[in-house]
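# Per-entry structural report
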Amino acid sequence: MKLTKEIILQTQDYETPCLVVDLNIIKQNYKNMTECFKDIDIFYAIKANSDTNIIKTLMELGSKFETSSLNEVKILLTLGVKPENIVNSAPYRKEIYLQKMYKMGIRMFVYDTEEELEKFKRSAPEAELFLRVDVDNTGSDWPLSMKFGVEPKDAVELIKKAHEMNIKVLGTTFHVGSQCLNLENWEKALTQMKNIHDECKQSGINLEMINLGGGIPIKHLKEIPNVKLTAEKIKSLVEEKFSPIPKMIIEPGRGLVGNAGIMIAEVISKRKYKGQTWIYLDIGVFHGMMETIEGFDYEILTEKDVEAEEQGQKVLDDEKESYVIAGPSCDGVDVMFKDGKIMSKVEVGDKVYIINAAAYTISYASLFNGYKIPKTYYVKNGNNFLFSPNCLVETIYRL
Ligand SMILES: Cc1ncc(COP(=O)(O)O)c(C=O)c1O
């Protein structure tokens, strides 16, 4: 989302930190993805941002939804999403939650262990499963391969196991890593899926589907492959490797919402410390900027950058400074940019604008140290803003 003078003016009296979101960008992202991923059903991963305004917008456009917990399922059902349009893709869940989701009509789930199959046998016998396979996440800014998925060599055994237990396996799933900048990950993953599907076929088990997971990146500071390029790559790989072509679904989170928002924060302190200049913001790791602890980088702008751009210029190097940027809490881990970030000079009281920060920010935010979860404001008709109190999400999460 582009930072403009108008956004700066409209938000100047807002309490910070806050997130400003333009739903039109989410609509465009969805439209673009449906065009690029023709014949592939889109299940928005609501963990990226579960604000009801976003969910409703995507629901109206026909999106389906990926969930990881019972509460995420409850939010969707409360908003009127049909259970058949929901997949529950976290490979582990409490059996009591599985029973509840099953009772609510959810049928599509993910597994990656024999233990989990036992739960399905007991509590959700007509569930339809995807087997999560561990794949290479090299070159993805937020890897997801260290915790989930069966090793490819053990995949067929685990599918056979489900078959013996009379549990239906729809197909395979994987995640190439969030903010995946490396198209080779898709190639390697789809080759592994092909081998698994082929081996199953030889054993008389027909896998009908592939769940492509998430991973579609948005623009931060590095170059990214655009959605069209990623979709074309996937399409040509699937056409080359599979016959017949399996039915596919995809679960984008970041790629649908991340670029639709700007996080606004204020500089609350500044000092020299151990040879570096530090600034402290009123937002930190615990209140929305969690992904920075793994080195996730954002573009950070100030009013000066927008003024310079309006005159067709850039802020000069001698008006920039390198900052270690920390959050407000009384915790040493709360440092967002440890290595020093070069940006326009700021002083205490100045606002900073963290660009393309609508995914995995509010959904990670906690009340740690008594700081509030940043409010979300929506751009309406170009220059009015609507405050989203997030009440449904909060009510359901606190039940
Ligand atoms: C199972 C699953 N699907 C989809 C997603 C969404 O990924 P992304 O935001 O990279 O598109 C995630 C993210 O953690 C996930 O765990």
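The model shown is predicted, which means the values in this text are computed figures rather than measured ones.

Attention shifts here to the overall build of the chain. When its secondary structure is counted, the chain shows 12 helices and 19 strands. In terms of overall size, the chain behaves like a compact globule, its C-alpha atoms giving a radius of gyration of 22 Å where 399 residues would be expected to give roughly 21 Å. Considering only C-alpha atoms, the chain reaches an extent of 70 × 45 × 45 Å along its principal axes. Considering the chain as a whole, with its 399 residues, one finds that 44% of them fall into the buried category.

This next bit is on the pairing of strand E15 (residues 320-326). For a regular strand, side-chain orientation follows a simple rule: the groups alternate between the two sheet faces. Bridge analysis of strand E13 (residues 276-281) against E15 gives 4 bridges, and the strand direction is parallel. Bridge pairing links Thr277 to Tyr323 in E15. Alignment of E15 against strand E16 (residues 335-344), held across 6 bridges, turns out to be antiparallel. Its bridge partner being in E16, Tyr323 is matched across the sheet by Lys341.

Take the packing of helix H2 (residues 23-36) against helix H3 (residues 52-60) next. Running from N to C, H2 and H3 cross one another at 40°; their axes reach a closest spacing of 10 Å. Accordingly, the angle class assigned to the pair H2 and H3 is oblique. As for how H2 packs across H3, the hand of that crossing is right-handed. Here H2 contributes Leu23, Ile26, Lys27 and Tyr30 to the contact with H3, which in turn contributes Asn53, Ile54, Thr57 and Leu58.

Now for the domain arrangement of the chain. Per the domain assignment, the segments of the chain are domain 1 (7-19 + 258-389) and domain 2 (24-256). With centres defined by C-alpha atoms, the gap from domain 1 to domain 2 works out at 32 Å. When the residues that make up the side of domain 1 that touches domain 2 are grouped by side-chain class, the tally is 8 nonpolar, 6 polar and 4 charged.

Sheet strands associate in pairs through backbone hydrogen bonding, adopting either a parallel or an antiparallel arrangement. An order of E2-E3-E4-E5-E6-E8-E10-E11 is seen for the 8 strands of this closed barrel, with the pairing classed as parallel. Each strand of the sheet is rotated relative to its neighbour by a mean of 30°, with strand direction disregarded. Inspection of the sheet shows strand E10 (residues 209-211) paired to strand E11 (residues 247-250) by 3 bridges, in the parallel sense. Paired with Asn211 across the strands is Ile249, a residue of E11. Its contacts with the sheet place helix H4 (residues 70-78) against strand E3 (64-67) and strand E4 (86-88), and it is angled at close to 160° to E3.

Moving on, we come to the site of the ligand. Near the ligand you find 17 residues, and of these Ala45, Ser178, Gly214, Gly253 and Arg254 are the closest. Split by residue class, the shell around the ligand holds 5 nonpolar, 8 polar and 4 charged.

All right, on to the nonpolar core then. The biggest cluster of nonpolar side chains holds 110 residues, and the ones touching the most others in it are Val20, Ile26, Leu129, Leu131, Ile262 and Ile354. Sort the elements by how many residues they give to this core and helix H8 (residues 184-202) lands first, with 6 residues. Inspection of this core shows a minimum of three residues originating in each of domain 1 (7-19 + 258-389) and domain 2 (24-256). Not counting the four nearest positions on each side in its chain, Val20 is found in contact with Ile7, Thr11, Gly261, Ile262, Ile264, Tyr377 and Val379.

Once that is clear, we can look at unusual backbone geometry. With an omega dihedral of 0°, the bond running from Thr16 to Pro17 counts as a cis peptide bond. Ser243 connects to Pro244 through a cis peptide bond whose omega is 0°. With respect to the element layout, Pro244 can be found in the loop between helix H9 (227-241) and E11. A positive phi is found at Asn166, a non-glycine position, where the angle reads about 65°.

Compared with the 27 Å implied by 1.5 Å per residue over 19 residues, the 27 Å span of H8 between its first and last C-alpha is a close match. Looking at H8, one finds that the buried residues are Asn185, Trp186, Ala189, Leu190, Met193, Ile196, His197 and Cys200. Along the long axis of H8, the arc covered by the buried residues comes to 120°, so they all point the same way. One or two residues past the end of H8 sits Gly204, with phi positive at roughly 85°.

Below, the discussion takes up H3. Among all positions of H3, only Ile54, Ile55, Thr57 and Leu58 are buried. Along the axis of H3, the buried residues cluster in a sector spanning 160°; they form a single face. Those residues of H3 hidden inside the fold are in contact with H2, strand E2 (40-45), H4 and helix H10 (254-257).

This part covers the pairing of E13. In terms of strand pairing, strand E12 (residues 261-273) meets E13 through 6 bridges, oriented antiparallel. Directly across from Tyr273, in E13, lies its bridge partner Gln276. Between the antiparallel neighbours E12 and E13 lie 2 residues, among them Lys274 with a positive phi of about 50°.

Now for the environment of Val346. Note that Val346 resides in the loop between E16 and strand E17 (351-354). Sequence separation between Val346 and Lys270 is 76 residues, and the spatial gap between their C-alpha atoms is 8.9 Å. The contact partners of Val346, leaving out residues within four places of it in the chain, are Val267, Ile279, Thr302 and Val352.

Our next topic: the environment of Ile268. By the element assignment, Ile268 lies in strand E12. With 12 residues separating them along the chain, Ile268 and Tyr280 place their C-alpha atoms 5.6 Å apart. Each residue touching Ile268, except ones within four places of it in the same chain, is listed here: Tyr280, Leu281, Asp282, Pro328 and Val348.

Moving on, we get to the packing of H2 against H9. As a packed pair, H2 and H9 sit with axes 9 Å apart at the nearest point and diverge in direction by 25°. The pairing of H2 with H9 is recorded here as roughly parallel in orientation. Note on packing geometry: the crossing formed by H2 with H9 is right-handed. Here Asn32, Met33 and Cys36 of H2 come into contact with H9, specifically with Val227, Lys228 and Ala231.

Criteria and thresholds
Residues numbered from 1 in each chain as written. Predicted model: local features only at pLDDT ≥ 70, side-chain atom pairs only at ≥ 80, totals over all residues. Helix = DSSP H or I, 4+ residues; strand = E, 2+ residues; numbered from the N terminus. Rg over C-alpha atoms; globule rule 2.2 N^0.38 Å. Buried ≥ 20, exposed ≤ 12 C-beta atoms within 10 Å, placed from the backbone. Pairing = 2+ DSSP bridges. Axes fitted to C-alpha atoms, helices over the stretch in contact; angles between N-to-C directions. Parallel < 35°, antiparallel > 145°, perpendicular 65-115°, else oblique. Left-handed = near helix turned anticlockwise from the far one by under 90°. Contact = placed C-beta atoms within 7 Å. Domains from an automatic or database assignment. Nonpolar A, V, L, I, M, F, W, Y, C, P; charged D, E, K, R; others polar. Near = placed C-beta within 6 Å. Core = buried A, V, L, I, M, F, W, Y, C linked by C-beta atoms within 7 Å. Expected span 1.5 Å × (residues − 1). Arc of directions from axis to C-beta.

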